Number of protein chains: 2
Amino acid sequence: MARTAPRTGSTPTRDRVPPHPDLRTITLQQALEALVDPVRRQIVRALHAAGEDLPCGVIELPVGKSTATHHFHVLREAGLIRQHYVGTSRMNALRGEEFTERFPGLLEALVAAPEQL
Amino acid sequence: MARTAPRTGSTPTRDRVPPHPDLRTITLQQALEALVDPVRRQIVRALHAAGEDLPCGVIELPVGKSTATHHFHVLREAGLIRQHYVGTSRMNALRGEEFTERFPGLLEALVAAPEQL
DNA sequence: GTCAAACTTTGATTGCTGTCGTACTTCGAC
DNA sequence: GTCGAAGTACGACAGCAATCAAAGTTTGAC
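Report on the accompanying structure. (Residues numbered from 1 in each chain as written. Chains lettered and ligands numbered in written order. Predicted model: local features only at pLDDT ≥ 70, side-chain atom pairs only at ≥ 80, totals over all residues. Heavy atoms only, no water.)

1. Topic: the pairing of strand E3 (residues 89–94) of chain A
Looking down a regular strand, the side chains alternate between one sheet face and the other. All names here are of chain A. Here is the rule: Criterion used throughout: strands pair if DSSP finds at least two bridges between them. Strands here mean DSSP runs of E at least two residues long; helices mean DSSP runs of H or I at least four residues long; both are numbered from the N terminus.
As judged from the two bridges shared by strand E1 (residues 54–55) and E3, these two strands associate in the antiparallel manner. Its bridge partner being in E3, Pro55 is matched across the sheet by Met91. Bridge count between strand E2 (residues 81–86) and E3: six bridges; the pairing is antiparallel. Counted as the bridge partner of Val86 is Ser89 from E3. The loop that links E2 with its antiparallel partner E3 comprises two residues; one of these, Gly87, has a positive phi angle of about 65°.

This is the structure:
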């Protein structure tokens, strides 16, 4: 398979800059479904704490790589992170300000909340 | 079935004041799992808007009665509502202040968030 | 060119959870 | 007492979402 269209010049096989949704199209339902998973919250916390872009690989997660990919995908679709490639690494950044503009106080409350008892 | 123990005097069959958890035992995970369901958020919004206790029946929900019971149960277990009986009606109140003490800003952000596009 | 690193894609599995209908309980009214 | 209203309990079922392993893609280094 991988029936790529005839390659012309430097166009990558797939879009290496994946689509990022407009925050105005994100529903509260979608945002909460993204944030209810503890692994995804761990990612959000790591990005928030880092304050800079991080490649997927440097965020320690208790799941396999394919599952991690899945989680990053969900976060991107929910408008929580922005992704772009640097070499073979996919860099991730929190879309904190945009998200807060859409859902004021939500991200702040979550990163501030105690994660365990 | 319904093999109730021999009733003695006025003791109700089941505890008519169901157990309410201490907010300190509620995890963020539990709170979010409760709040991720749109029907349950609808209940929370209704109680928040009413500002007073409401019986289950007066909150219009797009589900059957047994499902509604389930949702109230989940909200109670997550420390979001307090329930007590008045006659055959079960009254529900938001545990807003206690919840906010445990997870500052979370409930506020959710009730303030736009629910649809 | 080859190779390894870093992800991604696909397909399968598995467990959870929201839903319902039915039967049951409790209470107030009569 | 009987009856209806308001919920609850109990299975059962269906759909979804998290997970993994295996194979594939893309890039930079050599």
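2. Overview of the nonpolar core
To keep it simple, the criterion reads: Remark: nonpolar core denotes a set of buried residues (Ala, Val, Leu, Ile, Met, Phe, Trp, Tyr, Cys) joined through side-chain atoms within 4.5 Å. Accessible area is worked out with a 1.4 Å probe on protein chains only. A residue is then buried under 20% of its type maximum, exposed over 50%, and partly exposed in between. Here, residues are in contact when the closest pair of their heavy atoms is within 4.5 Å.
Counting residues in each nonpolar core, the largest one holds 57 residues, and the members touching the most others are Leu80, Phe99 and Leu106 of chain A together with Leu80, Phe99 and Leu106 of chain B. Of all the elements in the fold, those that place two or more residues in this core are helix H1 (28–35), helix H2 (38–50), helix H3 (65–77) and helix H5 (106–112) of chain A together with helix H1 (28–35), helix H2 (38–50), helix H3 (65–77) and helix H5 (106–112) of chain B. If we ignore the near neighbours within four places in the chain, the residues touching Phe99 of chain B are Leu23, Ala31, Leu35, Ala78, Gly79, Leu80, Leu106 and Leu107 of chain B.

3. A word on the relation of the copies chain B and chain A
Worth spelling out the cut-off: When the copies are overlaid, the least-squares fit takes in C-alpha atoms only where the residue has pLDDT of at least 70 in both copies.
Aligned on chain A, chain B shows an RMSD of 0.0 Å; the corresponding rotation is 180° and the shift along the axis is 0.0 Å. The transformation just described matches what one would write down for a two-fold rotation axis. By residue overlap, the copies meet face to face through one surface: 100% of the interface positions of chain B are interface positions in chain A.

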